[in-house]
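Structural overview
Each chain, letter by letter, is given below.
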Amino acid sequence: MKNENLYKYILGIADNSLILGQRLGELTGHGPSLETDIACTNISLDLFGQVRSYYQYAAKIAGDNRTEDDIAMLRKEREYVNVLLVEQPNTDFAYTMARQFLFDVYHFLFLTELQKSKDLTLSAIANKSIKEVSYHLRFSTDWIKRLGDGTEVSHQKMQEAIDGLWTYTDELFHQTEADIAMVSDGIGVDVTKLKEAYYNKVNAVLEESTLQIPESKWFQKGGKKGIHTEHLGYLLSDLQYMQRAYPNMEW
Amino acid sequence: MTTTEQNIDQILIPILEQVSDPEIPVLSIMDMGVVRTAVIENNSVKVQITPTYSGCPAMDVIGDDIKAALKVAGYNSEIELILAPAWTTDWITPRGRKALEDYGIAAPLSAEADISVLLEGKRLVKCTNCGSKNTRLVSQFGSTACKAQFQCDDCQEPFDYFKCLK
Ligand SMILES: [Zn+2]
């Protein structure tokens, strides 16, 4: 492939949205209330919509017979390069919202920069997506505050969720070789430069929500290289079931 | 400010005005402001549309409906989805806003007012049933991603509010 780095770079962005979209989609009919159920699945729909734009572009760059659906559905676990954060399960509603918030803050900062990409397709997708993501961020921020600064039980559950997911935040700012190549071409975003703004924003919201900022300095990594937690395999078996059982099916 | 430049052949306007959003049948795609370009080249029409929301399932249907409407008028057509400049609710025409209100969907407020009703509990959205502004947010997301759910505390009517996208 001629533009292999660009192809990998696009997958690095899109896989996060695909996997998080799938996680949120699992809540269809299972949200804690009708309103939050609809909200989570609408956010999922936004993410899937964004993913389609990215994968369509990636398929074009691959230049073979690959389609957006092949990229989404037919890769093996080790070929997905999403961060570990987004594949974590919907343990409870506090976890679901904490995961969303910790990703949304990053996603918003990332897309803000991606709008300046020299690659016009990527900057256009970013320009479109950021409008949607600003709604996601407002929604998840609101829930961090409501649960954090809520009842004793909701506070405790939200604190546990933040503590449990904190270890996955640092990976957002790791660079792959494709990332570094794309940054030097003026196409990619230098994520290392987003780290400070990210923790400033996250910490400010946690403080306002009366939550403790975790002190642990030990962080998990691997997703960006295809090394995942045990949760991804189960998620993929669900996501890919129809295409695996009935290859090339359409409806 | 993003550019709102449009290039639509006058002859095609009445045809495109017959096509509506399948989820909001009263709103033509022209009034929704999704058509950027529609030009005739050798009896074939090239149409460019901008998606409202990335994941909006209506966009595929809208593309098919445009093709069908142009076919009836004797044109082959090619639809292209363009992302930049991104669609904004500012592109909904005054006639489109009126159609939304008549249909029971409150039209988008300004970006600032939108935040204050969705996050700060301000009562600014006008009830589509009785016109009162004594309304409250029920859910930030409604029946589709583009809408939020509201209820009027004067007449008790629940209704959708089309969120501001800027
Ligand atoms: Zn009313």
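Residues numbered from 1 in each chain as written. Chains lettered and ligands numbered in written order. Predicted model: local features only at pLDDT ≥ 70, side-chain atom pairs only at ≥ 80, totals over all residues. Heavy atoms only, no water.

1. Side note on the overall build of chain B
When helices and strands are tallied, chain B shows five helices and 10 strands. For 166 residues, the compact-globule formula gives about 15 Å, and the C-alpha radius of gyration of chain B, at 17 Å, lands near that figure. When each of the 166 residues of chain B is scored for burial, the buried share is 50%. Pairs at least 24 residues apart make up 54% of the contacts formed inside chain B by residues separated by at least 6 positions. With 15 positive and 22 negative side-chain charges, chain B shows a separation of 5 Å between the mean positions of the two kinds. (Helix = DSSP H or I, 4+ residues; strand = E, 2+ residues; numbered from the N terminus. Rg over C-alpha atoms; globule rule 2.2 N^0.38 Å. Buried < 20%, exposed > 50% of the residue type's maximum accessible area, 1.4 Å probe, protein only. Contact = heavy atoms within 4.5 Å. Lys, Arg positive; Asp, Glu negative; His and termini not counted. Charge placed at Lys NZ, Arg CZ, Asp CG, Glu CD.)

2. Quick look at the confidence of the model for chain B
Per-residue pLDDT for chain B averages 91, and the proportion of residues at 70 or more is 98%. Reported for the predicted complex are a pTM of 0.91 and an ipTM of 0.80. (pLDDT = per-residue confidence, 0-100.)

3. Concerning the sheet that holds strand S5 (residues 44-49) of chain B
Within a sheet, each strand pairs with its neighbour through backbone hydrogen bonds, oriented either parallel or antiparallel. Residues and elements named next belong to chain B. Across the sheet, four strands lie side by side as S1-S4-S5-S6; this open sheet has mixed pairing. Edge positions in the open sheet fall to strand S1 (7-8) and strand S6 (76-81), since each of these has one partner strand only. Judged from the six bridges that link them, strand S4 (residues 35-41) and S5 form a sheet pairing that is antiparallel. Bridge assignment links Thr-37 to a residue of S5, and that residue is Gln-48. Helix-sheet contacts for helix H3 (residues 58-72) involve S5 and S6, and the interaxial angle to S6 is about 160°. (Pairing = 2+ DSSP bridges. Axes fitted to C-alpha atoms, helices over the stretch in contact; angles between N-to-C directions.)

4. Regarding a nonpolar patch on the surface
Residues and elements named next belong to chain A. Together, Tyr-241, Met-242, Tyr-246 and Trp-251 make up an exposed nonpolar region whose accessible area comes to about 570 Å². Tracing the backbone through its elements, the reader meets Met-242 in helix H10 (residues 231-245). By relative accessible area, Met-242 is classed as partly exposed at 35%. (Patch = residues over 30% accessible without salt bridge, like charges linked within 9 Å, V, L, I, M, F, W, Y side chains within 5 Å. Areas by Shrake-Rupley, 256 points an atom, 1.4 Å probe, with all protein chains shown as cover. Salt bridge = Lys/Arg side-chain N within 4 Å of Asp/Glu carboxyl O.)

5. Let's talk about the coordination of the zinc ion
Any two of four tetrahedral donors ideally make an angle of 109.5 degrees at the metal, while pairs among six octahedral donors ideally make 90 or 180 degrees. All names here are of chain B. Taken together, Cys-127 (SG), Cys-130 (SG), Cys-152 (SG) and Cys-155 (SG) make up the protein donors of the zinc ion, found 2.3 Å from the metal. The site at the zinc ion holds four donor atoms, and with the angles between them running 107 to 113°, its shape is tetrahedral. In the primary sequence, the donor residues of the zinc ion line up as C-x2-C-x21-C-x2-C. One end of the pair, Cys-130, is in the loop between helix H5 (111-119) and strand S8 (135-139); the other, Cys-155, is in the loop between strand S9 (147-152) and strand S10 (158-162), with 25 residues separating them in the sequence. (Donors = N, O, S within 2.8 Å, 3.2 Å for Na, K, Ca; no water. Tetrahedral: all angles 85-135°; square planar, octahedral: opposite > 155°, others 65-115°.)

6. Details of the pairing of S4 of chain B
Residues and elements named next belong to chain B. Burial runs high along S4: five of the seven residues are buried. Across two bridges, the pairing between S1 and S4 is parallel. Bridge pairing links Asn-7 to Thr-37 in S4. Between S4 and S5, which pair antiparallel and follow one another directly, the connecting turn spans two residues, one of which, Asn-42, has a positive phi of 50°.

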